[in-house]
Amino acid sequence: MTSRLLQRSLGSPDYDGIRQALRDDTSTPVISVRGLEVRAAVLPLFTHDGRQAIRVSSTEPLTHVLVDVDSASGRDVTLLVPEVDAPRVLTLECRDDAGVVGTARITVTPQRKWSVFVVHHSHLDIGYTDPQGTVLRHHLDYLDAAVRLAEETASWPDDAKFRWTVESSMPALKWLDARPAELVESFAQRAREGVIEVTALPFQLHTEACSTEELHRQLRFTAQLQDRYGFATKSAMHTDVPGAVVGLVDALTQAGVRYLAAAHNWAGRSVPYLHGGDKLTRPFRWRAPSGNEIIVWFTDTPHGMAYMEGNTVGLTDSYELADDLLPRYLSALATRGYPYGPGTFGWQGPDAPREPYELDVLHLRVQGAHADNAGPSIVPASIARTWNENWAYPRLRSAVNSDFFEHVEERYLDRLAVHEGDWTDWWADGLGSGARPLGYVRRAQSALRVAETLHAIAGADATEQIDEAYDKVALFNEHTWGAANPWEDSEEAGDSGGLQWTRKSSGAYQAQDDAADLLHAAVRRFAAALSETGSEGGALASFAVFNPATRARTDIVRAFLPRDVVGVDVPIALVDARTGETLAHHEEFVDPVDWPTRPIGRHVHVVVPDVPGFGYARLDVVPGVSQAPEPVELDHGAVIENEFYRVAYDVREGYISSIFDKKAGRELVNADAAAGFGQYVYDQYATAPHFNHLSGHVGAHDRTLLGDRAIGRHATITQSRRTAVGEKLVVELHGKGVDWIRTTIELHYGVPRLDLTYQLAKQGTPAKEAVFLAFPFAAGQATAWELTGGVGGPDVPRVPGSAEYMLPIRHWIAFEDPELTIAWATLEAPLVQLGTIHMPYAPFPPTLDHEDGTVYSWALNNIWDTNFPAQQQGETTFRYAVTSTAAGVGGRRLGAAAASGLTEPFVGALITDSPAATETYATVDHPDVLITSIGQEGAERVVRLQSLAAEPVEVTVGMPGLRAARGLDVVDETVKVRLPACGVAAVWGTCS
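Note that the coordinates shown come from a computational prediction; the quantities given were computed from them, not determined experimentally.

**Considering the overall build of the protein**
Link 1 in the chain: When helices and strands are tallied, the protein shows 15 helices and 52 strands.
Link 2 in the chain: Its C-alpha radius of gyration of 32 Å places the protein within 12% of the 30 Å reference for a compact globule of 992 residues.
Link 3 in the chain: When the backbone C-alpha atoms are referred to their principal axes, the protein occupies close to 120 × 60 × 55 Å.
Link 4 in the chain: The proportion of buried residues among the 992 residues of the protein is 62%.
Link 5 in the chain: Accessible surface, the protein as shown: approximately 34800 Å² in total, 48% of it carbon and sulfur.
Link 6 in the chain: Side-chain charges of the protein comprise 85 positive and 129 negative groups, with the mean position of each set lying 2 Å from the other.

**Focus on the sheet that holds strand 50 (residues 962-965)**
Link 1 in the chain: In spatial order, the strands read 47-48-52-50; together these 4 strands make up an open sheet with antiparallel pairing. Only two strands of the sheet have a single partner each, and these edge strands are strand 47 (929-937) and strand 50. Recorded for the sheet is a direction-independent mean angle of 35° between the axes of neighbouring strands.
Link 2 in the chain: Bridge count for strand 47 against strand 48 (residues 940-947) is 8 bridges, and the pairing is antiparallel. Bridging across to strand 48, Q936 finds its partner in R941.
Link 3 in the chain: With respect to the sheet, helix 12 (residues 435-457) is in contact with strand 47 and strand 48, its orientation differing from that of strand 47 by roughly 55°.

**Some words on helix 15 (residues 891-903)**
Link 1 in the chain: With 13 residues, helix 15 should reach 18 Å at 1.5 Å per residue; the first-to-last C-alpha distance of 18 Å fits that figure.
Link 2 in the chain: Taken across its 13 residues, helix 15 has 11 buried, putting it largely inside the fold.
Link 3 in the chain: Among all positions in helix 15, only G891, R892, L894, G895, A896, A898, A899, S900, G901, L902 and T903 are buried.

**Structural notes on the packing of aromatic side chains**
Link 1 in the chain: Using the criterion set out here, one finds 44 aromatic pairs in the structure.
Link 2 in the chain: With centroids separated by 6.2 Å and ring planes inclined at 25°, the aromatic side chains of Y229 and F231 adopt a geometry described as stacked. For the pair formed by Y229 and F231, the shared burial category is buried.
Link 3 in the chain: On the numbers, 5.7 Å between centres and 15° between planes, the contact of F772 with W858 is stacked. Here the residue F772 occupies a position in strand 35 (residues 769-776), and W858 occupies one in strand 42 (residues 854-861), the gap between them amounting to 86 residues. In this pair, the class of F772 matches that of W858, namely buried.
Link 4 in the chain: Over the aromatic face of F46 sits the side chain of K113, whose NZ or CZ is 5.2 Å from the ring centroid.
Link 5 in the chain: Directly above the aromatic system of W864 lies the positively charged group of R269, at a separation of 5.0 Å from the ring centroid.

**Examining the sheet that holds strand 28 (residues 666-667)**
Link 1 in the chain: The strand order across the open sheet formed by 4 strands is 25-26-27-28, and the pairing between neighbours is antiparallel. Strands with a single pairing partner mark the edges of an open sheet, and in this sheet they are strand 25 (639-641) and strand 28.
Link 2 in the chain: Across 2 bridges, the pairing between strand 27 (residues 655-661) and strand 28 is antiparallel. Bridging across to strand 28, F660 finds its partner in E667.

**A word on the pattern of salt bridges**
Link 1 in the chain: Applying the stated criterion to the full structure yields 57 salt bridges.
Link 2 in the chain: R336 serves as the salt-bridge partner of D25, at 3.9 Å between the closest nitrogen and oxygen. Of this pair, D25 sits in helix 1 (residues 15-25) while R336 sits in the loop between helix 9 (319-335) and strand 14 (361-366); the two residues are 311 residues apart in sequence, bridging distant segments of the chain.
Link 3 in the chain: With a shortest N-O distance of 2.7 Å, E293 and R285 are connected by a salt bridge.
Link 4 in the chain: Counted as one network, the salt bridges with shared partners bring together D158, D159, K161, R163, R395, R397 and D403.

**Comments concerning the pairing of strand 44 (residues 907-911)**
Link 1 in the chain: Of the two faces of strand 44, only one is covered, namely that formed by V907, A909 and I911; the face formed by G908 and L910 stays uncovered.
Link 2 in the chain: Where strand 17 (residues 541-547) lies against strand 44, 5 bridges are found, and the strand directions are antiparallel. Bridge assignment links S542 to a residue of strand 44, and that residue is I911.

**Description of a negative patch on the surface**
Link 1 in the chain: On the surface, D461, E464, E468 and E937 cluster together into a patch of negative charge.
Link 2 in the chain: Its location among the elements puts E468 in helix 13 (residues 463-477).
Link 3 in the chain: For E468, a relative accessible area of 44% corresponds to the partly exposed category.

**Quick look at the state of the cysteines**
Link 1 in the chain: Under the criterion given, the structure shown has 0 disulfides.
Link 2 in the chain: With no disulfide partner, C982 has as its closest neighbouring cysteine sulfur the one in C210, 18 Å distant.

**Some thoughts on the nonpolar core**
Link 1 in the chain: One finds F526, F546, L945, V955, V957 and V977 to be the most contacted residues of the largest nonpolar core, which totals 90 residues.
Link 2 in the chain: The biggest single contributor to this core is helix 12, with 10 residues.
Link 3 in the chain: Aside from chain neighbours lying at most four places away, what touches L945 is V929, L930, I931, T932, V955, V957, V977, L979, G983, V984, A985 and V987.
Link 4 in the chain: Listed in part, the 51 residues of the second largest apolar core include I18, L45, A306 and Y340.

**Remarks on the side chain of R553**
Link 1 in the chain: Mapped onto the elements of the fold, R553 is located in strand 18 (residues 553-562).
Link 2 in the chain: The exposure class assigned to R553 is buried, which follows from its relative accessible area of 11%.
Link 3 in the chain: Once you skip the residues sitting within four places of it in the chain, R553 turns out to touch N547, V608, P609, D610, V611, S900, G901, E904, P905 and F906.

**Overview of the environment of S377**
Link 1 in the chain: Summarising the element assignment, S377 is placed in the loop between strand 14 and helix 10 (379-390).
Link 2 in the chain: When the C-alpha positions of S377 and H120 are compared, they lie 8.5 Å apart, and in sequence the two are 257 residues distant.
Link 3 in the chain: The residues contacting S377, other than those within four sequence positions of it, are H120, L149, F162 and G368.
Link 4 in the chain: There is a polar contact of 3.0 Å between the side chain of S377 and the backbone nitrogen of V379.

**Quick notes on unusual backbone geometry**
Link 1 in the chain: Put simply, R282 and P283 share a cis peptide bond, and its omega is -20°.
Link 2 in the chain: Within the secondary structure layout, P283 lies in the loop between strand 11 (259-264) and strand 12 (284-287).
Link 3 in the chain: Following A842, the chain continues to P843 via a peptide bond in cis, the omega torsion being 5°.
Link 4 in the chain: Within the fold, P843 resides in the loop between strand 41 (831-834) and strand 42.
Link 5 in the chain: Positive phi values are uncommon outside glycine, yet F844 reaches one of about 60°.

**Section: the environment of Y393**
Link 1 in the chain: Here Y393 is to be found in the loop between helix 10 and strand 15 (395-399).
Link 2 in the chain: Sequence separation between Y393 and T47 is 346 residues, and the spatial gap between their C-alpha atoms is 7.0 Å.
Link 3 in the chain: Those residues in contact with Y393 that lie beyond four places of it in its chain are P44, L45, F46, K113 and W114.

**Some words on the packing of helix 9 against helix 10**
Link 1 in the chain: Interhelical geometry of helix 9 versus helix 10 gives an angle of 65° and a closest axis separation of 10 Å. The crossing of helix 9 and helix 10 is right-handed. Within the contact between the two elements, helix 9 uses Y319, A322, D323, L326 and P327 and helix 10 uses I383, T386, W387 and N390.
Link 2 in the chain: For the contact of helix 9 with helix 10, a count of residues per class yields 6 nonpolar, 2 polar and 1 charged.

**Details of the pairing of strand 29 (residues 679-685)**
Link 1 in the chain: Extensive coverage of strand 29 is indicated by the burial of 6 of its 7 residues.
Link 2 in the chain: Summarising the sheet, strand 29 and strand 35 pair through 6 bridges and their orientation is antiparallel. When the bridges of strand 35 are listed, D683 appears paired with A770.
Link 3 in the chain: Taken together, the 5 bridges between strand 29 and strand 30 (residues 706-711) define a ladder with antiparallel strand orientation. Within strand 30, the position partnered with Y685 by the bridge is L706.

How each quantity is defined
- Residues numbered from 1 in each chain as written.
- Predicted model: local features only at pLDDT ≥ 70, side-chain atom pairs only at ≥ 80, totals over all residues.
- Heavy atoms only, no water.
- Helix = DSSP H or I, 4+ residues; strand = E, 2+ residues; numbered from the N terminus.
- Rg over C-alpha atoms; globule rule 2.2 N^0.38 Å.
- Buried < 20%, exposed > 50% of the residue type's maximum accessible area, 1.4 Å probe, protein only.
- Areas by Shrake-Rupley, 256 points an atom, 1.4 Å probe, with all protein chains shown as cover.
- Lys, Arg positive; Asp, Glu negative; His and termini not counted.
- Charge placed at Lys NZ, Arg CZ, Asp CG, Glu CD.
- Pairing = 2+ DSSP bridges.
- Axes fitted to C-alpha atoms, helices over the stretch in contact; angles between N-to-C directions.
- Contact = heavy atoms within 4.5 Å.
- Expected span 1.5 Å × (residues − 1).
- Phe/Tyr/Trp six-rings, centres within 6.5 Å; stacked < 30°, edge-to-face > 60°.
- Lys NZ or Arg CZ within 6 Å of the ring centre and 35° of its normal.
- Salt bridge = Lys/Arg side-chain N within 4 Å of Asp/Glu carboxyl O.
- Patch = residues over 30% accessible without salt bridge, like charges linked within 9 Å, V, L, I, M, F, W, Y side chains within 5 Å.
- Disulfide = S-S within 2.5 Å.
- Core = buried A, V, L, I, M, F, W, Y, C linked by side-chain atoms within 4.5 Å.
- Polar contact = N/O pair within 3.5 Å; in protein donor to acceptor, adjacent residues only side chain to side chain.
- Left-handed = near helix turned anticlockwise from the far one by under 90°.
- Nonpolar A, V, L, I, M, F, W, Y, C, P; charged D, E, K, R; others polar.

See below:
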């Protein structure tokens with residue numbers, strides 16, 4: 001995406017402007033007379049015979065003489081002096097035909113002897129510059145070229161041989177499956193020799209959009225490459241996206257990857273230097289709470305257009321240009337915080353102080369052309385060969401990614417700073433640009449865990465299908481969400497926005513469909529397996545109500561009873577087979593007149609108490625005395641309640657006015673907040689649409705660009721009713737940006753949770769907009785929130801320079817005080833802002849006074865000017881949950897419990913016989929450790945664990961019938977496992 005920043009439009013500089021700025025910033029005017037100027041620069045250039053260089057440039061051709069040392073004629077000359085180990089003052093004379101024009105004193109200083117690792121790769125945007133299929137086919141062609149170039153340069157000096165790093169491994173995996181065996185072997189041989197390197201990430205991800213399991217599964221092929229082709233995957237590259245989740249550290253280390261080269265494209269929206277980014281040294285050790293760590297090198301926009309760094313200094317163009325610019329660049333790195341001055345890239349900053357780069361080794365990315373998705377070129381290797389013939393230092397090495405890290409690890413490991421925590425992505429706000437497909441993907445992430453678990457319990461190995469579905473999910477989370485100009489609809493190049501978004505969004509819908517198919521099949525397979533173990537009973541039918549969460553809980557299940565199993569005219573009762581107790585239930589009949597295209601029968605809703613985690617409770621369907629009671633309309637209209645909460649809705653204002661916790665005797669809603677609880681907030685910005693990278697040229701230091709703010713109004717209660725299982729309130733509102741807003745508020749008897757569903761009939765508009773849903777709690781600041789592979793919080797370390805004005809969370813946020821713990825959870829919408837709503841333009845000033853307890857769910861937006869969709873429309877659903885409990889239950893535990901009602905709903909499997917009344921398939925005895933899923937691979941079963949604890953814990957994991965486990969002692973069908981802080985683990989075992 002960086003290439004778009006190079007356009008002349010809107011003040012963005014071209015390469016000529018950037019390079020001239022480097023020349024000017026790294027040279028000093030030494031003579032100025034009669035309109036003629038002479039500039040000089042002492043540079044880190046050393047000849048093989050022990051001399052170092054001074055570059056002299058003049059506005060007119062002159063003869064430049066270092067008195068008693070060296071001379072040369074021209075506008076730009078290199079003068080050589082014997083290498084110095086202390087400053088040495090020399091006299092420069094500049095002459096024309098008439099004699100001496102001027103003289104100056106030049107101080108020659110000692111210079112570093114650099115080793116520069118030139119890492120040649122292609123940044124993979126799956127789309128952006130062309131439709132996705134076109135881009136991927138080109139990348140396969142690039143690998144053909146890379147093999148040829150490696151063969152052509154095999155006899156070159158080792159430092160100059162063409163080497164190629166496959167930045168994103170997906171093209172390599174496709175290529176290996178699509179090429180003849182002899183070509184594949186040639187590639188594998190080059191990879192074993194270190195001439196070609198396949199890195200770990202399949203493509204460049206918005207990692208915060210990934211679930212923890214998804215992130216780990218995307219690295220599964222690293223072992224396959226080792227097994228099939230004999231080469232290891234040592235490093236990863238994370239390109240373009242300015243940030244990554246803390247869980248990436250654990251995922252990479254578990255895949256055997258120790259190194260990460262990141263390139264952060266600020267794209268005018270990122271301001272890490274205002275949030276401690278100036279303290280982030282290069283390279284550094286990134287450590288997760290688990291204690292796992294990787295070595296990270298990063299480059300960014302002010303170091304040279306992020307991953308265009310090597311291109312900027314001429315390594316794609318010619319030896320002459322690189323000879324001019326690279327030494328200047330190295331000199332600037334050694335003496336300044338940033339090599340280019342403020343404003344060089346067309347935007348303000350960075351002007352924050354920063355220490356110069358301290359090492360004498362550099363990782364320098366280069367691409368074959370000045371563009372994303374550029375192919376390999378012989379030019380960088382040719383420059384390295386010529387360079388090393390002419391200069392002793394800097395020493396250029398045509399390298400693969402891991403070469404640099406191995407060099408650094410061997411020589412400098414103990415000198416590297418250690419940084420911990422999340423490296424929050426500045427581009428995560430773009431996730432809200434495709435809210436509907438994103439919601440589908442997040443539902444798929446949850447469904448896949450349950451689907452795999454039920455397949456495994458039924459004895460089926462669905463690993464391949466589950467992996468394929470996760471791959472589709474991950475492809476939607478890939479960082480390229482659309483074309484360079486997403487509002488256009490051409491058939492090729494960067495204007496193919498319509499085509500690219502159609503494919504991108506359809507992939508999300510397909511992923512959700514695949515997940516739903518897998519879950520549908522898994523439920524039937526699970527039911528069949530249970531039916532085989534049961535015996536005939538007196539029931540008309542039975543349901544196995546499965547709880548896919550870790551802890552036992554009471555919750556609602558919605559199951560379908562087909563007409564052909566039990567006639568719809570037959571009254572039924574539901575009996576808990578564990579206790580013989582009849583459970584109240586509610587029925588919704590599928591009328592064939594209304595729905596002739598759907599299965600006929602009744603949806604049965606019932607609250608089932610104390611269903612064991614990763615286990616089931618059997619409900620028997622028996623003849624009833626009468627039909628299930630019909631819903632009752634509530635006479636108090638805007639108030640619903642159960643044993644735990646009383647919820648009141650203010651129809652005039654259009655929000656929830658009260659959530660009263662009956663057990664704690666406490667109000668959860670901050671009535672004095674700027675926004676009401678659950679209030680719809682619609683912002684429009686006074687910036688124009690359809691200008692590529694406009695936001696990179698917009699500064700917002702106040703609310704001036706907030707063109708309009710509106711809220712939902714004209715609320716009408718359309719449903720207020722009580723059923724046998726709970727109470728529900730449905731309200732419809734109108735508001736700007738939508739045709740209508742429907743809010744559904746539900747409380748179920750026996751369930752300590754408030755469920756909220758918001759459905760928006762979104763109008764499409766290219767105007768810059770954002771939708772927020774406000775949740776002001778009567779609480780202090782949030783104390784913890786779920787991240788992919790970790791837990792964040794106000795006191796949890798973060799990598800310096802992380803985005804701060806927003807949070808891309810997984811599902812939950814917790815608030816704790818001495819009397820009460822509150823948890824809020826979201827299913828579809830991961831973006832939140834805490835305490836206020838910020839302007840979406842740097843430096844992201846707040847638009848409201850800060851309130852500690854308020855969560856603003858940033859449901860959707862279209863604030864980007866490139867890559868992300870320019871507008872969105874259609875019916876879109878957002879679901880939330882709220883729960884609370886007395887102090888003493890940690891926020892992390894309560895957060896997971898709140899989320900489980902959204903992400904792990906009970907599953908009702910229709911069974912024909914009567915198996916055991918209840919059964920549990922996996923247990924873990926620590927309250928801060930979750931079982932995320934159960935899998936089956938061949939004869940082995942795997943139980944996957946994730947810890948929320950801030951410290952290491954030892955847990956006992958139980959699996960009925962466990963006979964043996966990999967590397968663990970089995971005692972009474974249990975094993976003990978030690979998990980690091982916020983870590984993950986997998987227990988592999990064989991069960992009878």
